[in-house]
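Structure assessment
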Amino acid sequence: MNQTQAQGSKSFILSITLVATLGGLLFGYDTAVINGAIEALKVFFVTPLQSDSALALQVLTEYKVIVSMCFVIVSLLVSSFMFRMYGKQKGLLYSILVVVVGAVIWYTQFWVSVNEISENTLNSINGFTISSALIGCIIGGSIGGYVSQNIGRKKGLILAAVLFTISALGSAMPEIMNLFGSSTITAFIFYRIVGGIGVGIASMLSPMYIAEIAPADIRGKLVSGNQFAIVFGMLIVYFVNYFIALNGDDNWLNEIGWRYMFASETIPAVFFLIMLYFVPESPRYLIMKSREEEAEGLLIKIVGTSKAPKLLAEIKESLKETNSPWLTFGGLIIVIGVLLSVFQQFVGINVVLYYASEIFRNMGNDTDTSLLQTILVGAINLIFTVLAIFTVDKFGRKPLMIIGGVGMGICMFALGSAFYFNQMGLVALFAMLGYVAFFAMSWGPVTWVLLSEIFPNSIRSAMSLAVAAQWIANMMVSWTFPMMNDNSWLTAQFHHGFSYWIYGVMGILSALFVWKVIPETKGRSLEDMQKLWKK
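So, here is what we can say about the structure in this document. The structure displayed is predicted, hence computed values, not measured ones.

**Quick look at the overall build of the chain**
Secondary structure assignment for the chain yields 24 helices and zero strands. Relative to its length of 535 residues, the chain is compact, with a C-alpha radius of gyration of 23 Å against a globular reference of 24 Å. Viewed in the frame of its principal axes, the chain has a C-alpha envelope of about 75 × 50 × 45 Å. Counting only residues that meet the buried cut, the chain has 59% of its 535 residues in that class. Taking all contacts inside the chain whose residues are at least 6 apart in sequence as the whole, residues at least 24 apart take part in 85%. Put simply, the chain shows about 20800 Å² of open surface, and 67% of that area lies on carbon and sulfur atoms. In the chain, 32 positive and 30 negative side-chain charges are present, and the distance between their average locations comes to 14 Å.

**With respect to the packing of aromatic side chains**
Tallied over the full model, the rule gives 24 aromatic pairs. When the centroid spacing of 6.3 Å and the interplanar angle of 55° are considered together, the rings of Trp106 and Tyr107 count as tilted. Of the residues examined, Trp106 reaches a relative accessible area of 23% and is grouped as partly exposed. With a relative accessible area of 45%, Tyr107 lands in the partly exposed category. Both rings, one in Tyr420 and one in Trp501, keep their centres 5.5 Å apart while their planes meet at 50°; by these two values the pair is tilted. One end of the pair, Tyr420, is in helix α18 (residues 397–420); the other, Trp501, is in helix α23 (residues 498–517), and 81 residues separate them in sequence. On the accessibility criterion, Tyr420 (30% relative accessible area) is partly exposed. In this structure Trp501 comes out as partly exposed when scored by relative accessible area, which is 25%. Cation over ring: Lys64 sits above Trp111, and NZ or CZ is 4.3 Å from the ring centre.

**Examining the pattern of salt bridges**
A full pass over the atoms with the stated rule returns four salt bridges. Between Arg192 and Asp30 there is a salt bridge; the shortest N-O distance is 3.6 Å. Taken together, the positions of Arg192 in helix α8 (residues 184–213) and Asp30 in helix α2 (residues 10–32) put the pair 162 residues apart, joining distant regions of the chain. Like Arg192, the residue Asp30 is buried in the burial classification. Measuring nitrogen to oxygen at the nearest pair gives 2.7 Å for the salt bridge that ties Arg259 to Glu175. Separated by 84 residues along the polypeptide, Arg259 in helix α10 (residues 250–263) and Glu175 in the loop between α7 (153–172) and α8 bring together distant segments of the chain. Residue classification places Glu175 among the partly exposed residues on the basis of a relative accessible area of 36%.

**Side note on the environment of Val467**
With respect to the element layout, Val467 can be found in helix α21 (residues 463–485). Separated by 296 residues in sequence, Val467 and Ser171 place their C-alpha atoms 24 Å apart. Those residues in contact with Val467, other than ones at most four positions away along the chain, are Gly141, Gly200, Ser203, Met204, Ser341 and Trp448.

**Things to note about the nonpolar core**
Side chains that are nonpolar tend, in soluble globular proteins, to be buried together. In this structure, Phe128, Trp258, Phe262, Leu340, Tyr435, Trp443 and Phe455 are the most contacted members of the largest nonpolar core, which totals 163 residues. Ranked by residue count, the leading element in this core is α8, at 16 residues. When neighbours within four sequence positions are excluded, Phe262 is seen to be in contact with Val33, Ile34, Ala37, Leu41, Ala168, Ser171, Ala172, Phe188 and Arg192.

**Examining a nonpolar patch on the surface**
On the surface, Val406, Ile410, Phe413, Val505, Ile508, Leu509, Leu512 and Trp515 cluster together into a nonpolar patch covering about 680 Å² of accessible area. Ranked by residues supplied to the nonpolar patch, first place goes to α23 with five residues.

Conventions and cut-offs
Residues numbered from 1 in each chain as written. Predicted model: local features only at pLDDT ≥ 70, side-chain atom pairs only at ≥ 80, totals over all residues. Heavy atoms only, no water. Helix = DSSP H or I, 4+ residues; strand = E, 2+ residues; numbered from the N terminus. Rg over C-alpha atoms; globule rule 2.2 N^0.38 Å. Buried < 20%, exposed > 50% of the residue type's maximum accessible area, 1.4 Å probe, protein only. Contact = heavy atoms within 4.5 Å. Areas by Shrake-Rupley, 256 points an atom, 1.4 Å probe, with all protein chains shown as cover. Lys, Arg positive; Asp, Glu negative; His and termini not counted. Charge placed at Lys NZ, Arg CZ, Asp CG, Glu CD. Phe/Tyr/Trp six-rings, centres within 6.5 Å; stacked < 30°, edge-to-face > 60°. Lys NZ or Arg CZ within 6 Å of the ring centre and 35° of its normal. Salt bridge = Lys/Arg side-chain N within 4 Å of Asp/Glu carboxyl O. Core = buried A, V, L, I, M, F, W, Y, C linked by side-chain atoms within 4.5 Å. Patch = residues over 30% accessible without salt bridge, like charges linked within 9 Å, V, L, I, M, F, W, Y side chains within 5 Å.

See below:
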């Protein structure tokens, strides 16, 4: 017996983790690619609606229909969660309640009120076009649990890679790949939603797969590696967008350049698809499907011959009820999972990641300078994510989350004040970079570590509810930011500072939530977590 087999192979664990983190890289790439194209998409898709009344009427009709369809899909997904939590009778009652309340809000606040091309409607269409991928993310995150249980972690990631590839090509060429004879903007939105489904699936399965492969003593570090891959994907696409923008003037970027930005995603997507054929399935999924010999062979490679039988027995014990009701361990674990996800978005991070170039333009910079400063945001994000990776298993999850929440709150109050008092120099820049640094060392990577750890094996699919909540919150923040930021009255009163103050309040509340409610998970095995929640 060789030494590697006795102790487990670190190189084996690292190699399959690196492949899995490519799902995170594509998650980051797909969500940040929009950053360099925001102004171009507005000019190409939204501005013509002001002068072409026939096109405006068609787009307005399609916009109302597609948002309504999204509402129906999200309502059905939320209803399915209610059944998983409360069973048939209570689940049906709560589902009806959710649908009725949602329908009233949809009809009064959307269907009746959006009937003409006004400033608010254009801002809403623009915000929806930019954030439309998030509808797909909600769908992908919601079905992630079903996908992981039925086709496995590995095949689920393969599905995500295929969806990334289709989305990249369709978003770049919406006229050519327009399957429904709709307006070009609707075709573009459709392919962004397709990519979003891939992101949603990968956002759940990549950290889940890594957590199930990794030994407990280095799990935090390896799962944090997925967040590193996400921000590395963002940094790559910031560079790609910048160098594409250098190839022409603003007119070229608004007509042609933005297409290259979306098309560039095909390269990492195809590479991910190829590499997935060389990784094994998760040992916990293999045991769930009664493929114990394969699982034991894989566990020997991971933890070595001495620890593998004990770990195999623990996993089998924890999987006796693979589809337990989600409230088996009480409602607190579900609330914690959902609120972790919601706070991660309500602190406003994706406003910074999606709209960084727009924020820098509001500071008075031209397109090239704002894209260059966006690269600086990506670099800070990457550096401080590395800091989190090396400290999350040393200092624990809670201290990093509390420090990060308070730091983000202070920086957002400073950024909002800089806009309000028109001090758009170094104070605003440092506030924004400080905010990104605090997020990257805490709520960025550590939220995913906690989500991959807190759910016991028997209700592991409940993580899909938390992931779906994260994308719904992301959608709300990303869609409403242009509506607040471009609103004439709010701009006149607060000079673009209003929304940042809201995100500052959320940062402080997120720190209080972690301090009071979240248990520390450092050093615990996934099977230990099951015992913790049983208590």
